[in-house]
Amino acid sequence: QVQLVESGGGLVQAGGSLRLSCAASGSIFSINLMGWYRQAPGKQREFVATASSAGTTNYADSVKGRCTISRDNAKNMVYLQMNSLEPEDTAVYFCNLVGRLTYRAPTGSYWGQGTQVTVSS
């Protein structure tokens, strides 16, 4: 099994910054992607950013230019630096890992429990 533990959420004023961290642990054979998604109250979970093992990054248009995703492949960690935060960024942020747990296992998608980010106006 794989465990994803997020940290770094909290309450911040508009214009402020937060850095989210996610640590993946357990039996992991290979990781294709690590990334972040978020879910605001009453809304569906949406894509925020992903980073491949090769270093390719992708961002939602809503966060492009304000957020930076990075990975530490040796530690199986992914980070999300969020700047110029807006009230619309308020959501629970979930870490996601796409990869294989064993050599024979199919590629799967795994989720953390989420960390709350609240941006006050």
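Residues numbered from 1 in each chain as written. Predicted model: local features only at pLDDT ≥ 70, side-chain atom pairs only at ≥ 80, totals over all residues. Heavy atoms only, no water.

Draft legend 1. Structural detail: the packing of aromatic side chains. A full pass over the atoms with the stated rule returns three aromatic pairs. Here the aromatic rings of tyrosine 37 and phenylalanine 47 are separated by 5.7 Å at their centres, their planes lie at 70°, and the arrangement is edge-to-face. One end of the pair, tyrosine 37, is in strand β4 (residues 30-39); the other, phenylalanine 47, is in strand β5 (residues 46-52), and 10 residues separate them in sequence. Accessibility expressed as a relative area gives 28% for phenylalanine 47, which makes it partly exposed. The rings of Tyr37, Phe47 and Trp111 are connected pair by pair, giving a single aromatic cluster. Its end group placed over the ring of phenylalanine 94, arginine 45 keeps NZ or CZ at 3.7 Å from the ring centre. If you follow arginine 45 out to its NZ or CZ, it ends over the ring of tryptophan 111, 4.6 Å from the centre. (Phe/Tyr/Trp six-rings, centres within 6.5 Å; stacked < 30°, edge-to-face > 60°. Helix = DSSP H or I, 4+ residues; strand = E, 2+ residues; numbered from the N terminus. Buried < 20%, exposed > 50% of the residue type's maximum accessible area, 1.4 Å probe, protein only. Lys NZ or Arg CZ within 6 Å of the ring centre and 35° of its normal.)

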